[in-house]
Amino acid sequence: MTTSDKIKRSPKSFPATALLCYFLGVFGVHRFYAEKIGTGILMLITVGGLGIWTLIDLIVIVFGHFQDKQGRYIRRF
């Protein structure tokens, strides 16, 4: 079993997650898409942590370390 077989991958789309974060990240839409409702509401209330939280999430998504609610990675490959 290789390392990539051990990593659980999310059925969520990487391009959709990245684009939602880039365009609507301050509203937490990408977190709602990843089924992280609680932090999505928190991002909505704080306007994406004044944009800082959104920027951090975008970087995490691009580098392939963003996870959905079940802890599965949303990856490009």
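Residues numbered from 1 in each chain as written. Predicted model: local features only at pLDDT ≥ 70, side-chain atom pairs only at ≥ 80, totals over all residues. Heavy atoms only, no water.

Engineer: I tried to follow the nonpolar core on my own but got confused; where do I start?
Structural biologist: Within soluble globular proteins, side chains that are nonpolar generally end up buried alongside one another. Formed by F14, A18, C21, A34, L58, I61, F66 and I74, the largest nonpolar core amounts to eight residues. Sorting elements by how many residues they give to this core places helix α2 (residues 14-24) first, with three residues. Setting aside residues no more than four positions away along its own chain, F66 makes contact with T17, H30, R31, A34, K36, D57, V60, I61, R72, Y73 and I74. (Core = buried A, V, L, I, M, F, W, Y, C linked by side-chain atoms within 4.5 Å. Buried < 20%, exposed > 50% of the residue type's maximum accessible area, 1.4 Å probe, protein only. Helix = DSSP H or I, 4+ residues; strand = E, 2+ residues; numbered from the N terminus. Contact = heavy atoms within 4.5 Å.)

Engineer: Explain α2 to me, please; I cannot follow it from the model alone.
Structural biologist: Side chains that are three or four residues apart share a direction in an α-helix, a result of its 3.6 residues per turn. Three or more residues of α2 are buried, namely F14, T17, A18 and C21. Along the long axis of α2, the arc covered by the buried residues comes to 95°, so they all point the same way. Exposed residues on α2 whose side chains face more than 90 degrees from its buried face are L19 and F23. Residues of α2 that are buried sit in contact with α3 (29-33) and α6 (52-62). If you check the start of α2, you find a side-chain oxygen 3.3 Å away from the backbone N of A16, and it comes from S13. (Arc of directions from axis to C-beta. Polar contact = N/O pair within 3.5 Å; in protein donor to acceptor, adjacent residues only side chain to side chain.)

Engineer: Explain the side chain of H30 to me, please; I cannot follow it from the model alone.
Structural biologist: On the secondary structure map, H30 appears in helix α3. The exposure class assigned to H30 is buried, which follows from its relative accessible area of 0%. Residues in contact with H30, not counting those within four places in the same chain, are T17, L20, C21, G25, M43, D57, I61 and F66.

Engineer: Can you help me understand a nonpolar patch on the surface in this one?
Structural biologist: Taken together, the side chains of L19, Y22, F23, L24, F27, F32, I37, I41, L44 and I45 present a nonpolar region at the surface, about 1000 Å² in accessible area. Elements with a minimum of two residues in the nonpolar patch: α2 and α4 (37-45). Judged by its relative accessible area of 56%, Y22 is exposed. (Patch = residues over 30% accessible without salt bridge, like charges linked within 9 Å, V, L, I, M, F, W, Y side chains within 5 Å. Areas by Shrake-Rupley, 256 points an atom, 1.4 Å probe, with all protein chains shown as cover. Salt bridge = Lys/Arg side-chain N within 4 Å of Asp/Glu carboxyl O.)

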